[in-house]
Amino acid sequence: MELVQKRQRRRVRRWEAALMAGLAIALLTGVWLDREQTALAQQVVRLHVIANSDSAADQALKLQVRDRVLERAAEVCAGVQSAEEAAQTLRQALPALEEAARQAVSEAGERCSVTVSLEDGVWFPTKTYDGFALPQGKYTALRVILGEGAGQNWWCVVFPPLCQGSAVEAQPAMAALGEKEAALLTGDGEGYVIKFRAMELWEGLCRWAEGG
């Protein structure tokens, strides 16, 4: 009987050791993935347009405003070389960007409020485009909220200028990113899908731990 109990205790200790080792590996991997996403986030500025509602008219208006804001943002960011510089430039140009959005609303014959802001730490889910994908996480974002802001979102990247209206142009704008960050977006190298899934799981765990 005593021998059986000793074996059981050894078995429990082995399981405990295995669980502790697995937890340590998960934590280290999570920190590494978080650093990769953070490094990428420091090199891009996202665009986030939120429609007033999910009605066909409000969704169409969202796209018209998106096109006008992207056009104006491209003008003010011409010659900008870094995400930090782009954020500073966009922040200074917020009144002009908001005016561009208001003009688009007026020209569409609609009446709704427009709020344009530049915010840090905006959370985005993983988003896949034709030619590249962006891992979920927190980014600096140019946010355009129409009316109640209760409709479906549209998001992409305003710097580097990867998105022009409904079109997504990964090249040559991708050259503004570092080699590792560009590889993460385009999937060059091994483990691309696995890495993105691991990032999603890690971010989900962090948000759960934070009570989000």
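In short, a report on the structure. No experiment lies behind these values; they were computed from the predicted model shown.

Notes on the sheet that holds strand β1 (residues 45-50)
The strand order across the open sheet formed by 4 strands is β2-β5-β1-β6, and the pairing between neighbours is mixed. Either end of the sheet is taken by a strand with one partner, and the two such strands are β2 (114-124) and β6 (153-159). Across the sheet, the axes of successive neighbouring strands diverge by a mean angle of 30°, strand direction being ignored. Judged from the 5 bridges that link them, β1 and strand β5 (residues 137-146) form a sheet pairing that is parallel. Bridge pairing links L47 to L142 in β5. Packing against the sheet, helix α3 (residues 83-92) makes contact with β1, β2, β5 and β6, and its axis sits at approximately 40° to β1. Across the sheet, helix α4 (residues 94-107) is in contact with β2 and β5; its angle to β2 comes to roughly 115°.

Some remarks on α4
When the terminal C-alpha atoms of α4 are compared, their 20 Å separation across 14 residues agrees well with the 20 Å that a helix rising 1.5 Å per residue should span. Taken as a whole, α4 has its buried residues at L94, L97, A100, A101, A104 and V105. End-on, the buried residues of α4 take up no more than an arc of 140°, which puts them together on one face. Residues of α4 that are exposed and point more than 90 degrees away from the buried face comprise P95, S106 and E107. In the core, the buried residues of α4 are packed alongside α2 (56-76), α3, β2 and β5. In the stretch just after α4, G109 is the one whose phi turns positive, near 75°.

Scoring rules and cut-offs
For every chain, the first residue of its written sequence is number 1, and the numbers climb from 1 along that sequence. Local features are withheld for residues below a pLDDT of 70 in this predicted model, meaning they are given only at 70 or higher, and side-chain atom pairs are given and counted only at 80 or more; totals for whole chains, interfaces and linings count all residues. The basis for every side-chain value is the complete set of heavy atoms in the structure, and neither hydrogens nor water enter the calculation. At least two DSSP bridges between two strands are required for those strands to pair. Numbering goes from the N terminus for both helices and strands, where a helix is a DSSP run of H or I of at least four residues and a strand is a run of E of at least two. To obtain each axis, a line is fitted to C-alpha atoms, and for helices this fit is confined to the stretch in contact; angles are then taken between N-to-C directions over 0 to 180 degrees. In what follows, a contact means two residues having at least one pair of non-hydrogen atoms within 4.5 Å. Under the convention used throughout, the expected extent of a helix is 1.5 Å for every residue step, that is, one less than its residue count. Using a 1.4 Å probe on the protein chains alone, a residue whose accessible area is under 20% of its type maximum counts as buried, one over 50% counts as exposed, and one in between counts as partly exposed. Directions pointing from the helix axis toward each C-beta atom define the arc.

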